[in-house]
Amino acid sequence: MADEVLELRHISKQYPGVLALNDVSVSFRTGEVHALIGENGAGKSTLIKVLSGAIIPDHGEIVFNGVVYPSMTPQLSKKLGIAVIYQEFNLFPSLSVAENVFSGNLMGNAVFIDRAQCEQRTAEIFQRMHIKINPKAMVKDLTVAYKQMVEIAKALSKNVRVLIMDEPTAPLTTNETDILLEIVATLKKQGVTVIFITHRLSEVFRIADRVTVMRDGCFIQVTDAKDITRDELIKAMVGRQISDTYPKRDCPVGKVALEVRNLRAAGVGDINFDVREGEILGFAGLVGAGRTEAMRALFGADQKQSGTVKLEGALVNIKNPRDAVKLGIGLIPEDRKQHGVVLGFPIRWNISLTILKFISKLSFLNKTKEKNITDDLVASLSIKTPHVMQLTRNLSGGNQQKVVLAKWLAANCKVLIFDEPTRGIDVGARYEIYKLMNELCARKKAVIMISSDMEELLGMSGRIIVLCEGRQAGELDRADFSQETVLQMASGQA
Ligand SMILES: Nc1ncnc2c1ncn2[C@@H]1O[C@H](COP(=O)(O)OP(=O)(O)OP(=O)(O)O)[C@@H](O)[C@H]1O
Ligand SMILES: [Mg+2]
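Residues numbered from 1 in each chain as written. Chains lettered and ligands numbered in written order. Predicted model: local features only at pLDDT ≥ 70, side-chain atom pairs only at ≥ 80, totals over all residues. Heavy atoms only, no water.

Draft legend 1. Quick look at the side chain of Asn 100. Relative to the assigned elements, Asn 100 resides in helix H3 (residues 97–109). Once residues lying within four places of it in the same chain are set aside, the contact partners of Asn 100 are Leu 91, Phe 92, Leu 95, Val 139, Val 150 and Lys 154. (Helix = DSSP H or I, 4+ residues; strand = E, 2+ residues; numbered from the N terminus. Contact = heavy atoms within 4.5 Å.)

Draft legend 2. Looking closely at the sheet that holds strand S14 (residues 304–311). Overall, antiparallel pairing links the four strands, which are arranged S12-S11-S14-S15 in an open sheet. Each end of this open sheet is capped by a strand with a single partner; those strands are strand S12 (268–276) and strand S15 (314–316). For this sheet, the mean angle separating the axes of adjacent strands, direction not counted, is 15°. Relative to S12, strand S11 (residues 256–265) runs antiparallel, the two sharing six bridges. In the strand pairing of S12, Ala 265 is matched with Val 268. Sheet strands touched by helix H9 (residues 291–299): S11, S12 and S14. Its angle to S11, the strand with the most contacts, is close to 110°. (Pairing = 2+ DSSP bridges. Axes fitted to C-alpha atoms, helices over the stretch in contact; angles between N-to-C directions.)

Draft legend 3. Layout of the packing of helix H4 (residues 115–128) against helix H5 (residues 144–156). The interhelical angle for the contact between H4 and H5, taken along N-to-C directions, is 110°, at an axis separation of 10 Å. Viewed along their axes, H4 and H5 adopt a mutual orientation that is roughly perpendicular. Across the interface between the two elements, Ile 125, Phe 126 and Arg 128 of H4 pack against Met 149, Val 150, Ala 153 and Leu 156 of H5. Partitioning the contact of H4 with H5 into residue classes produces six nonpolar, no polar and one charged. (Parallel < 35°, antiparallel > 145°, perpendicular 65-115°, else oblique. Nonpolar A, V, L, I, M, F, W, Y, C, P; charged D, E, K, R; others polar.)

Draft legend 4. How the structure looks around the packing of H5 against helix H6 (residues 174–189). Relative to each other, H5 and H6 sit at 10°, their axes nearing to 12 Å. It follows that H5 is roughly parallel to H6 by the angle criterion. Packed against H5, whose contacting residues are Ala 145, Tyr 146, Met 149, Ile 152 and Leu 156, the element H6 presents Glu 176, Leu 180, Ile 183 and Leu 187 at the interface. Of the residues contributing to the contact of H5 with H6, the split by class is eight nonpolar, no polar and one charged.

Draft legend 5. Quick look at the site of ligand 1. Surrounding ligand 1, one finds 22 residues, the nearest of these being Gly 41, Lys 44, Thr 46, Ser 396 and Gly 398. In this structure, Gly 41 approaches ligand 1 through a main-chain N or O atom, which is 2.7 Å from an oxygen atom. Side-chain polar atom of His 199 to an oxygen atom of ligand 1: 2.9 Å apart, as the coordinates give it. In isolation ligand 1 offers 650 Å² of accessible surface; the protein chains occlude 91% of this area. For the shell around ligand 1, the residue count by class is five nonpolar, 13 polar and four charged. (Near = heavy atom within 4 Å. Polar contact = N/O pair within 3.5 Å; in protein donor to acceptor, adjacent residues only side chain to side chain. Areas by Shrake-Rupley, 256 points an atom, 1.4 Å probe, with all protein chains shown as cover.)

Draft legend 6. Summary view of the sheet that holds strand S1 (residues 4–15). As summarised here, the arrangement of the four strands in space is S2-S1-S4-S5, forming an open sheet in which the pairing is antiparallel. Here the strands that pair on one side only, and so sit at the sheet edges, are strand S2 (18–29) and strand S5 (67–69). In this sheet, adjacent strand axes meet at a mean angle of 15° when their direction is disregarded. In this structure, S1 lies alongside S2, joined through eight bridges in antiparallel fashion. Within S2, the residue paired with Gln 14 across the bridge is Leu 19.

Structure below.
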């Protein structure tokens, strides 16, 4: 067909023990927004790596503008105007934002662009994206959301014909997502083809013209987004019906487990809260509101300026994360690559790392028990892998996130802090994670959840504390929950 810019024909890719792509054929039209969806490990990222030339398929061919290629190389794909924003960041942390945005171009054509010009052009791109980032800032000092924005700017700095985004909205808040989706709409108007991978189905209906579903390395179906319902998409993705999104929690809320008073740290004003046994306390706020910073200070990962913490009524002194973990406080971080897991370790080692600390503390190492715990967690979170000794690096993005969760669930903490727990996790597995959180509550644990997914916050929390620019803007009980109130408080309007 004339309007098809890019086509994959009969693509297969085998990894040891995993057929990541199984005879996949799919085509993309000029100027369409094409959503690519499927469960964790379905093969979505592998498919786009074939398009970017990052991997060579075992079989199949790629057609671009009527020309047939047996496979891509990164140079060729770039030359054709295919740009990819990967799920995992691909930035130089010690370079400035502007240097990162133009790094590819500079190296590509060996053209010298002076710093000021680079910064000017970066600022223009950000203006087009309606966001404020200082082009001179160091990438390592940016939050996850801003790093992602730099990735997007980097792609926009090139002359793109096909822009591929692997879960670009996963780390973004509602507002930032709106901005991104607007950018996508603008690019589409300019005739750019956008391939958009997401686990948030609402986004599919907001921006996609067509949607392709993959499952277990296979192409399942392609439809016009307007001709399919949310439930039908889920069914195509997971191969079964999932009716309710948030499992019911009916355990009683008990005594105070953790009490935090006058917590101050860099970017965090005076924070005060209690969290009780059997309770999920949600933390809402825009990116940069200080939620992650507050929790890191509490956990001892960053310096506190002031504040007292009581655990089950007793004053405790947490100077570093080791103290916190010893006391039974766990923090599951948002940036898994940096803080969550050792990618070069097998899955089992990552999961048992924290248990080992506990078991060896009692100078008692029960190998079988360790094996059972890790095997159970791999099964209950349905971590998709041929075996538990697989290197964590080889897992799909969502499955790496599940390993981080499993590691902390194994540690048996009294208080668990989840920072964006379901980011990049598919619908089926999300439900499993929610069930696990409820199970923690039933076992009298206290759960703190930071989330930018408003639906999830409202669906799972018993109470919500809203932060705005580092300060506590308000607190809501379940009976008073509403998206509008949370957003108003978060933006300082309430
Ligand atoms: N380098 C590798 N070595 C071994 N297996 C791999 C490698 N890369 C990917 N896989 C496997 O291929 C399958 C598909 O992975 P892929 O990353 O494409 O999934 P995905 O659909 O992008 O999932 P997610 O939504 O979690 O990002 C997974 O089972 C994954 O473990
Ligand atoms: Mg992926």
